[in-house]
Amino acid sequence: MSTPAVESREIELAGQRVGYTLRRSVRKTLGLRIDHRGLTVGVPLRVGLGEVESFIRKHAGWVVDTLQARPASPPAEPLAPCDGVEIPVLGKPWRLRLARGGNRVVWHEGFEQGGSGPVLELALRSGGNARGLLLKALQQRGLELFRNRVEEYCLRLGRPAPPVSLSSARTRWGSCSSRSGIRLHWRLIHLPLPLIDYVVAHEVAHLVEMNHSPKFWSVVETLYPDHAAARRALRQAGAALPVL
Ligand SMILES: [Zn+2]
């Protein structure tokens, strides 16, 4: 009897159908991986389906949470930072303007631009890298904001704020560890503040419960009552983000 090396299967976890790719190979242990394509379970050749499913169930909390929290697969076309393109920042479109200058970024928040809405000006040296400058500006703004929001949610919990840093992980919006503190994906800066706050509240709740147990979700609930709707909105909004 031969078993196919790669199969598409489904399993019910926490009341929802979760699709996964079962990949058999000469490995010795079972392993889970989640990326933009979804869940893949790596399995040694002779392990039966019952053992595979109980292994996935043992990690159900992590699987469901990571699948819901992962940034969706990026669209094929990256966005070129040209004059006039719109970049979402905190859920609002900012028009990019390229100008000559000393490699500096100016955020024109208000209507001083003749009512055209907010303008993000990249004042570039000749031969300057527009994309690099734009990323730096967005990341700087993100880090400042994320630090403020983490402080705010820690204050509500009565905990000292941990160090906050940026990540560009492929599979998650945020992470929390006692060693490195809270890491948040820099692309969150594109999203409306309430969605950023959900990710922040989720990671801050991990300061109390380093797992996804019912106790953990009750801490999230006190910090961010409408977390289920936010998770759904985050999944949708994340899929629509530009790739820079
Ligand atoms: Zn979590």
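As a convention, each chain's residues are numbered from 1 in the sequence order in which they are written. Per-residue local features are limited, in this predicted model, to residues with pLDDT of at least 70; the limit for side-chain atom pairs, both in listing and counting, is 80 or more; totals at the level of whole chains, interfaces and linings are taken over all residues. The side-chain numbers reported here are obtained from all heavy atoms of the structure, hydrogens and water having been left aside.

In what follows, salt bridge is the name for a side-chain nitrogen of Lys or Arg lying within 4 Å of a carboxyl oxygen of Asp or Glu. Summed over all chains, the structure comprises 10 salt bridges. The partner of Arg 95 in a salt bridge is Glu 86, with the nearest N and O atoms 2.7 Å apart. Classification of Arg 95 as partly exposed rests on a relative accessible area of 38%. Among the salt bridges present, the one from Arg 97 reaches Glu 121, with a minimum N-O distance of 3.6 Å. In this pair, Arg 97 is assigned in strand S6 (residues 92-100) and Glu 121 in strand S8 (residues 119-124), connecting sequence segments 24 residues apart. According to the relative accessible area criterion, Arg 97 is partly exposed, its value standing at 30%. Since its relative accessible area comes to 16%, Glu 121 is described here as buried. Categorising residues by exposure relies on relative accessible area from a 1.4 Å probe, with only protein chains included: less than 20% of the type maximum marks a residue as buried, more than 50% marks it as exposed, and the intermediate range marks it as partly exposed. In this text, helices come from DSSP runs of H or I with a minimum length of four residues, and strands from runs of E with a minimum of two, each type numbered from the N-terminal end.

So, about the coordination of the zinc ion. Any two of four tetrahedral donors ideally make an angle of 109.5 degrees at the metal, while pairs among six octahedral donors ideally make 90 or 180 degrees. The rule for donors is simple: N, O or S, within 2.8 Å of the metal, or within 3.2 Å if the metal is Na, K or Ca. Water isn't counted, so a site may look like it is missing partners. For the zinc ion, the protein coordination sphere consists of His 202 (NE2), His 206 (NE2) and His 212 (NE2), at 2.0 to 2.1 Å. You can call His 206 buried: its relative accessible area is 7%.

It is worth spelling out the side chain of His 206 at this point. Looking at the secondary structure, you find His 206 in the loop between helix H4 (193-205) and helix H5 (214-223). Polar side-chain contacts of His 206 include one of 3.4 Å to the backbone oxygen of Asn 211. Only heavy atoms enter the contact rule, under which two residues are in contact if any of them lie within 4.5 Å. Ignoring sequence-local partners within four residues, the contact set of His 206 consists of Cys 176, Asn 211, His 212 and Phe 216. Any N or O atom pair separated by 3.5 Å or less is treated as a polar contact, with the protein-specific requirement of one donor-capable and one acceptor-capable atom, and with residues adjacent in sequence counted only for side-chain atom pairs.

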